[in-house]
Amino acid sequence: MNKWLIILPLLLASMTASTADTIYQWVDENGITHFSDRPQQGATKLKVDVTPPATSGPLVSPRQAIKKPKKAVKDQVNITNPSHEQTVRDNQGRLNVRATTQPAPLNNMGFKLILDGIPQGQITPIANFQLTNIDRGAHTIKVQLVDESGKKIASSRSITVFMHRANASVGGATATGGG
């Protein structure tokens, strides 16, 4: 009994749409049950309801792949020179500031230097600034990544530098950027 339960589905699966919905069953001298789509001597005719195969499209609609939402890449700005709490000794008060960003900025972005809370110079496409005539003492520096309208996209953390000058000049700092 179990043997023909295994054979019958295999036989039905191998049938094509062109075969008839009649099959023949018989038992041989060894007690093995056989099935065929052709008449055999001593075979019993069985009527089988055969569903025709699908002719258009899949039987089951494919499920959409699950897409994990990509996390937005957050721009990061890091000051690489000078280092936090570095002492700079320069009698002319010169200070070079360099920063990097991850990922690389787009063409419409630029960099702005903030010294002691005050923007210095112009927005530049390169995060390399040269400050001159910086007064003696402690100063905070920050570099911002901005879009073409000047809106802040990202900012470095503030660092503190100490300017030591043997000859202090009167006057404020001047900055040139981008070179």
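Predicted model, so just to flag it, every value in this text is computed and none were measured.

### Topic: the pattern of salt bridges
Evaluation of the coordinates by the stated rule reveals 1 salt bridge. Here Asp90 makes a salt bridge to Arg94, at a shortest N to O gap of 3.2 Å. With relative accessibility at 14%, the residue Asp90 sits in the buried group.

### Here's the deal with the sheet that holds strand 3 (residues 44-47)
Across the sheet, 3 strands lie side by side as 2-1-3; this open sheet has antiparallel pairing. Each edge of the open sheet is held by one strand with a lone partner, namely strand 2 (33-36) and strand 3. Ignoring which end each strand starts from, the neighbouring axes of this sheet average 30° apart. Here strand 1 (residues 22-27) runs beside strand 3; their pairing, made up of 4 bridges, is antiparallel. The residue of strand 3 that forms the bridge with Thr22 is Lys47.

### Describing the environment of Phe35
Mapped onto the secondary structure, Phe35 falls in strand 2. You can call Phe35 buried: its relative accessible area is 10%. Separated by 12 residues in the primary sequence, Phe35 and Ile23 have C-alpha atoms spaced 6.7 Å apart.

### A short note on the environment of Asn81
Secondary-structure assignment places Asn81 in strand 4 (residues 76-81). Through-space distance from the C-alpha of Asn81 to that of Thr100 is 9.8 Å; in sequence the pair is 19 residues apart. Within the local environment of Asn81, its side chain forms a polar contact with the backbone oxygen of Asn96, the two atoms lying 3.2 Å apart.

### Concerning unusual backbone geometry
Cis geometry marks the peptide bond from Asn81 to Pro82, where omega comes out at -5°. Along the chain, the position of Pro82 falls in the loop between strand 4 and strand 5 (86-89). A cis amide bond links Gln102 to the next residue, Pro103, at an omega of -15°. Relative to the helices and strands, Pro103 resides in the loop between strand 6 (95-102) and strand 7 (110-115). Positioned with a positive phi, Glu85 is a non-glycine residue whose angle comes to about 65°. Look at Glu85 and you get exposed, because its relative accessible area is 52%. One non-glycine residue, Asp116, lies in positive phi territory at about 55°. Structurally, Asp116 is set in the loop between strand 7 and strand 8 (118-124).

### Side note on the side chain of Arg165
Its place among the elements puts Arg165 in the loop between strand 12 (159-164) and strand 13 (174-177). With no salt bridge to any partner, buried Arg165 finds its closest opposite charge in Asp135, at an N-O distance of 4.6 Å. At 3.1 Å, the side chain of Arg165 forms a polar contact with the backbone oxygen of Asn91. Side chain to side chain, Arg165 and Asn133 meet in a polar contact 3.2 Å long. Apart from residues lying up to four places away in sequence, Arg165 is in contact with Asp90, Asn91, Gln92, Gly93, Asn133, Ile134, Asp135 and Arg136.

Cut-off values and rules
Residues numbered from 1 in each chain as written. Predicted model: local features only at pLDDT ≥ 70, side-chain atom pairs only at ≥ 80, totals over all residues. Heavy atoms only, no water. Salt bridge = Lys/Arg side-chain N within 4 Å of Asp/Glu carboxyl O. Buried < 20%, exposed > 50% of the residue type's maximum accessible area, 1.4 Å probe, protein only. Pairing = 2+ DSSP bridges. Helix = DSSP H or I, 4+ residues; strand = E, 2+ residues; numbered from the N terminus. Axes fitted to C-alpha atoms, helices over the stretch in contact; angles between N-to-C directions. Polar contact = N/O pair within 3.5 Å; in protein donor to acceptor, adjacent residues only side chain to side chain. Lys, Arg positive; Asp, Glu negative; His and termini not counted. Contact = heavy atoms within 4.5 Å.

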